[in-house]
Each structure stands twice: as structure tokens, then as C-alpha cells.
Amino acid sequence: MLTIKNLSAGYGGVDVIHNISMQIDGNLSIVGPNGCGKTTLLKAIANILPFKGSILVEGMHYTSMKRRDISMKIAMLSQMVGIYFTYSVFDTVMMGRYLHIKNRILSTPTSEDKTAVLQALKAVDLLDEKDKEITKLSGGQLQRVFLARTLVQEPRIILLDEPTNHLDLKCQIEIIEYLKKWAEEGNRAIVGVLHDINLALSLSDHLVVMNKGEIAVDGNADKIVKSGMLNQVYEMDVAQHMRESFERWS
Amino acid sequence: MKTAIVKTSRQSTAPGYWGGKFVLMIGISIAAILLGIGIGSVNIPPLDILRSIGHNMFNINLPEHITENRAAIVWNVRLPRVLLAFFAGAALSVSGAVMQSVLRNPLASSYTLGVSSGASLGASFVIFLGVSLPFLPMMTLPILGFSFGLGTIFIVMGIASRLDGQMENQTIILTGIVFSLFINAITSLLFAMFREGTQRMVLWQMGSFSMRGGWNTLYILVPVVVIGIIFISRYKWELDIMTFGEDQARTIGVNSTRVKWILLIGTAVLTGSTIAFVGVIGFVDLVSPHVVRKIFGSAHKVVIPMSALFGGTFMVLSDIVARTVAAPIELPVGVVTALIGAPFFAYVYFSRRK
């Protein structure tokens, strides 16, 4: 579904990630300590950061595709952004239909777009709030609005850049569980950068551990946790910490 | 799930709802225009204004109590002045709305990027140095004002794109502010070196609609403003999306760098052409979009037309105050917009935050 070869990217001419290569055919969790380049990698995949190397989505090179073609296949759900001007929930989600609307001669939403928005709002349990201003929503509700906006893009792959930060546990699990179902039903994929190891492991069996701008290990999540590779990267006994947490609360 | 608390003023998804307000706003704008034409050294009732316009446009006979002279005052003096104020206000207000959204900064305007500084420098070349175009001496000031204003934006955007290929907002704003200060310094230098013409320059910088060329100015300005606003309206979707930030816009599929170039130059054309004719008039571009967003919501399909109507109306009313409050002395309209606009803006902005 997504092939990455020798990818390097960074900011102001300084590479943050170096020579990353990986094959993504289903859900994937990316973990690693702060500053290891997880978000930079996602931004390069989302085509919002210039990169060296090559990325292919469903066999097509990014270089041969326009931004709109890539955005039809790949969407991104990020950490919460500052809101300068307020919109209704419905209008905000409708923005995700931008490329579908712009592909039409009149560039106006049709009943198909409205249905897609209402279905997405129903899926994230916000249908009753559709006319509410987004500035009046809680953090969890707002992130679900952005999730709905991502869904109505109808992408093949959704990139998650720590979208559940600042959300309560129930919200975090609901969003991840919903996305897993969405990916499974449509033969789609989720590529998630998540700080919470438990959440990352619940998203996918495929785990990539990054460290200092490179892939430290790429493989089966269970094997990686048992191998102790996470301990090296995080410089602590991750499995022991998780066991202790589990025992304390069970 | 609890029942939604809906604040209807934000329901931009319901065209019928804001459609009614749109018609109401058009009515208010027409009323302000009639008021602007009617108030003066001789007050003229609205019906007489309409009869005078009908007489000049369609050769309809005037009733006995309206003299040819009075109809001529309406047609040749007051109507062009009020329409000039309306279209100038509309252009500045739409420019402000677009700049605030594109740069995600509630204090942004075309002036932030140096349009007014550039136009002032162009005007100072004409006023202080006596620069005159060979075939169009009367149009030298507007042409140079417009060219320098637009040129400044191109330079600012050029420098910003060299500094930052992604054209991030803070790069554009900082480049604009620094370059504006540089241009202002040159204008100040000309002020210091050439005392003659200082008063004319100061008055130009404060803006006015008196003696600005009548219908001839409107023949140039109105098409630019109308086409410019229609052109900008085509980007209503992109403007909505870009208020959430460039990364979000790009992942949704908006080519934000290209759109930013187009819209910033579009607004520079609107602002530059306006201040080239009427001088630098502040606050309309800052205040109007905020008031419009507060009343009608933030969706640009509503914000752009409403900003045009509100900005035009606000400018017409400011012009009425400028020429009546200290009559027979006429105040610079820029002073009036600032005096009304500053406290009004503070009220609107801070009451919204509350």
C-alpha cells in the first residue's frame, strides 16, 4: 500500500530523519522517544514536508502525482490546532470534502457530500452537535470533529500524529477502536504515531521503533516488546513498567 | 446524547437563514448610500435623490420643486463621492478579511505587508519630487501609488519565499513589517528634505473622498473592486480550510503556498487600487471583518460578501461624519474611521473573547 525508500527529511536544510525505508501493507504503529523524527516522517508521508528519497502509494510515485491526488489517498489527523475563527461542526467536517467538491464544475456541495458529512458525524457520535460552534466543544468532541473531517476525505490511508494527546482514556480508546474498524472494513490502513505504548500496540501488530532519526527496529510488536529493543531505545525496562502498571491497577 | 445548543447566528450551513440577513444588509447599504447623498450643505430627501438619478440616467422629467442644478449636484458631486466611499470601504474590508484568514492573524491587513507604505512612497515621489507621467499627468499619483503598493507586496513575498520556501505566515508577516519600516523611513526622509508639499502629503495619507475625480475614478475603481471581490470569492473553500493552519490545509489537498500567493496579490490589487485614489484609510479593513464574523459566522461564502457590504456602509457613514461634524471644515476620513473604529474594534474583539 505504501512503500518508502531511502527517505530523508528535515527542517531548514538539516535532516531529522535519515535513509528510512519501509513497506506498509496494513496498520502500523510508530513509537520512539521525543525528537526521534516520528512526526517528521509522518509529515513527509503526508507530503507537507519536502523530502529526499521516494514514496510510492499504491504503486504510484509521489513525484508523478499532484498534491490533490495524494490527498485523495492519504489524510492526516494531527494533534489539536489553535482555532482562530469558529465554524459550525457541519461546516468544519464539510471542509474534508474539499477535493470532491473542487472536482465538480460548480464547486458546490451536493447531497452526496452532505450525506457523507452526516454519516461521518453519526460515526463519531456528533450528529446532534452538527450546528454547534466548534469553539463550544470539549477537547474530545473537537478531535472527533477532526476525525470526521478526515473520514469524509475518503482516503485509503490515515496518518495519526499523536491525535489522542490531551484526551481522556475513554476518548483515546474510542478513536483508536473506531479507526481500526474503519481500516478493516475497507481494506485501508492506519499509520499511527502514538506516545502511549499500550495504545500503539492496540492499534497494530506491526511496530516500527525509531531512534535518532532512524529505524531502530521494524517488525512484529510482540516480538519487539519481548526482545527488549524498546528498553534500549527508551533507556528503561518498558515491559517491566507496563507489567507493574497492570498489576497495580488490576 | 444531550440536545445540541445551537447559536443560530453561526448557522452558515443554512443558506436561507443568512440569505435573509444578506438582503437586510443590502437594504442597510442602500439606505446608507441615500443618507450619504442626502446629507450636505443642502439636505436632499431620498425620493428627490432617486428622481434626480432617474432624470440623469433615464431622462425622466423632474418634478417642479427639484431644479436642474440640484439634480446635477446629486449626479455629479454627491453620488460619485458616496459610491467611491462605498467601493473603497468594500475593497479594504474584503482585503482585511482575506489577509486575516490567510495569515491566521486577527490583526493582519494588506497594510501589514506594506501596501500602504509602498503607496505612500509612490505618492511622496509625486508630491515632493514633482514626478509626472508624460501622457497621464493627472493620473500620475494613482498610478504610482498603485504600482508602488503592489511592488512592495511582490518584494515582500519574494524575500519571504527566499527565506522560507514553505512561506510560513510568521515569515511573511515579519518580512512585511520590516520592509514597511524601511519604506516608511524613505518616505520620512523625503518629508524631512522637502518641506513644500508636507500638508498635501499628510492629507493624502489620512485619506479623503473629496475632489477625487468623480465618475472617471469610479469607471476605473468599480470594475477592479467588483472583479477582485468575485475573483477572491472563488477561493472561499481554501480560505475556510487555511484558517486551521497550513499543515491541515495541505493534508486536505489545498496547495496553500500557491493559494497564498494568489490571494495576497489579489488583496494587494484591491487595496493598492483603492488607496491610490483615496489615500490611506485605516481601521475599516481591521474592524469590518471582525464585526461580520461576529454577526454572521466565519464561513467565507458569507464573510466576503458581507464584509464588502458592511465595509462599504461603514465607510459611507464615516464620510458623512467627516464632512458634517465640523462643517464647513472637512475632516480626513481616515481620522474618523480610526476614531470610531478603534473603540468599536476593542468592544467587538474583547466582548467576543469574553
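Above this note sits the structure.
Keep in mind it's a predicted model, so treat the numbers as computed, not measured. Going along each chain's sequence as written, the residues are numbered from 1 onward. Chain A is the first chain written and ligand 1 is the first ligand written, with later ones labelled in order. A pLDDT threshold of at least 70 governs which residues receive local features in this predicted model, and a stricter bar of 80 or more applies before side-chain atom pairs are shown or counted, although totals over entire chains, interfaces and linings include all residues. The basis for the side-chain values is all heavy atoms of the structure; hydrogens and waters are excluded.

Draft legend 1. Seen up close, the packing of aromatic side chains. Ring pairs shown here join Phe, Tyr and Trp side chains whose ring centres sit within 6.5 Å, with only the six-membered ring taken for Trp; geometry is labelled stacked below 30 degrees between planes, edge-to-face above 60, and tilted in between. Summed over all chains, the structure comprises eleven aromatic pairs over all chains. Ring centres of Trp75 of chain B and Trp215 of chain B lie 4.9 Å apart, and the angle between their planes is 35 degrees; on these two criteria the pair is classed as tilted. Placement of the pair is Trp75 of chain B in helix α3 (residues 68–102) and Trp215 of chain B in helix α8 (residues 214–233), with a sequence separation of 140 residues. Here the aromatic rings of Phe128 of chain B and Phe191 of chain B are separated by 5.1 Å at their centres, their planes lie at 70 degrees, and the arrangement is edge-to-face. Here Phe128 of chain B is found in helix α4 (residues 115–129), whereas its partner Phe191 of chain B is found in helix α6 (residues 169–193), with 63 residues between them in sequence. Burial classes: relative accessible area under 20% of the type maximum marks a residue as buried, over 50% as exposed, and values in between as partly exposed (1.4 Å probe, protein chains only). Of the residues examined, Phe191 of chain B reaches a relative accessible area of 18% and is grouped as buried. Looking at Arg293 of chain B, its charged tip hangs above the ring of Phe85 of chain A, at a distance of 3.9 Å from the centre. Secondary structure follows DSSP: runs of H or I at least 4 residues long count as helices, runs of E at least 2 residues long count as strands, and numbering of each begins at the N terminus. When the NZ atom of lysine or the CZ atom of arginine is within 6 Å of a ring's centre and also within 35 degrees of its normal, the charge is said to sit over that ring.

Draft legend 2. Focus on the packing of α8 of chain B against helix α11 (residues 256–278) of chain B. Residues and elements named next belong to chain B. Running from N to C, α8 and α11 cross one another at 160 degrees; their axes reach a closest spacing of 10 Å. Taken together, α8 and α11 sit at an angle that is classed as roughly antiparallel. Once α8 is placed against α11, the crossing between them reads as left-handed. Of the residues in α11, those in contact with Thr217, Ile220, Leu221, Val224, Val225, Gly228, Ile229, Phe231 and Ile232 of α8 are Ile262, Leu263, Gly266, Thr267, Val269, Leu270, Ser273, Thr274 and Phe277. Looking at side-chain class alone, the contact of α8 with α11 contains twelve nonpolar, six polar and no charged residues. Note on geometry: axes are lines fitted to C-alpha atoms, helical ones only across the stretch in contact, with angles between N-to-C directions running from 0 to 180 degrees. Orientation is classified from the angle alone, with under 35 degrees giving roughly parallel, over 145 giving roughly antiparallel, 65 to 115 giving roughly perpendicular, and any other angle giving oblique. Working rule for handedness: look at the near helix, and if it is turned counterclockwise from the far one by less than a right angle, call the crossing left-handed; if clockwise, right-handed. Contacts are residue-level and defined by heavy atoms, with any inter-residue pair within 4.5 Å sufficient. Each residue gets one label: Ala, Val, Leu, Ile, Met, Phe, Trp, Tyr, Cys and Pro are nonpolar, Asp, Glu, Lys and Arg are charged, and the others, such as Gly, are polar.

Draft legend 3. Quick peek at the pairing of strand β1 (residues 2–11) of chain A. Residue and element names in this part refer to chain A. Most of β1 is tucked away, with seven of its ten residues classed as buried. Note on pairing: two strands pair once DSSP finds at least 2 bridges between them. Looking at chain direction, β1 and strand β2 (residues 14–24) are connected through seven bridges and run antiparallel. Its bridge partner lying in β2, Leu7 is registered against Ile20. Taking the residues that link successive antiparallel strands as the turn, the β1-β2 hairpin has two residues, and the phi of Gly12 there is positive, at about 55 degrees. Examined bridge by bridge, β1 and strand β4 (residues 51–57) share six bridges and lie antiparallel to one another. Along β4, the bridge assignment pairs Ala9 with Phe51.

Draft legend 4. Examining the sheet that holds strand β8 (residues 189–193) of chain A more closely. All names here are of chain A. With mixed pairing, six strands are arranged side by side in an open sheet as β6-β7-β8-β3-β9-β10. The open sheet has two free edges, formed respectively by β6 (74–77) and β10 (214–220), since each of these has just one partner strand. In this sheet, adjacent strand axes meet at a mean angle of 15 degrees when their direction is disregarded. Alignment of β6 against strand β7 (residues 157–161), held across four bridges, turns out to be parallel. Note on β7: the bridge partner recorded for Ala75 is Ile158. Running over the sheet, helix α7 (residues 169–185) touches β7 and β8 and is turned about 150 degrees from β8.

Draft legend 5. Inspection of the pairing of β10 of chain A at higher detail. Residue and element names in this part refer to chain A. With six bridges joining them, strand β9 (residues 206–211) and β10 adopt antiparallel strand pairing. Directly across from Leu207, in β10, lies its bridge partner Gly219. Connecting β9 to the antiparallel partner β10 that follows it, the hairpin turn spans two residues, and Lys212 within it adopts a positive phi of roughly 50 degrees.

Draft legend 6. Structural view of α4 of chain B. Residue and element names in this part refer to chain B. A rise of 1.5 Å per residue sets the reference length of α4, with its 15 residues, at 21 Å; its end C-alpha atoms lie 21 Å apart and thus fit the reference within 8%. Most of α4 sits inside the fold, with 13 of its 15 residues counted as buried. Looking one or two residues beyond α4, the residue adopting positive phi is Gly130, at roughly 70 degrees. How far a helix is expected to stretch is found by multiplying one less than its residue total by 1.5 Å.

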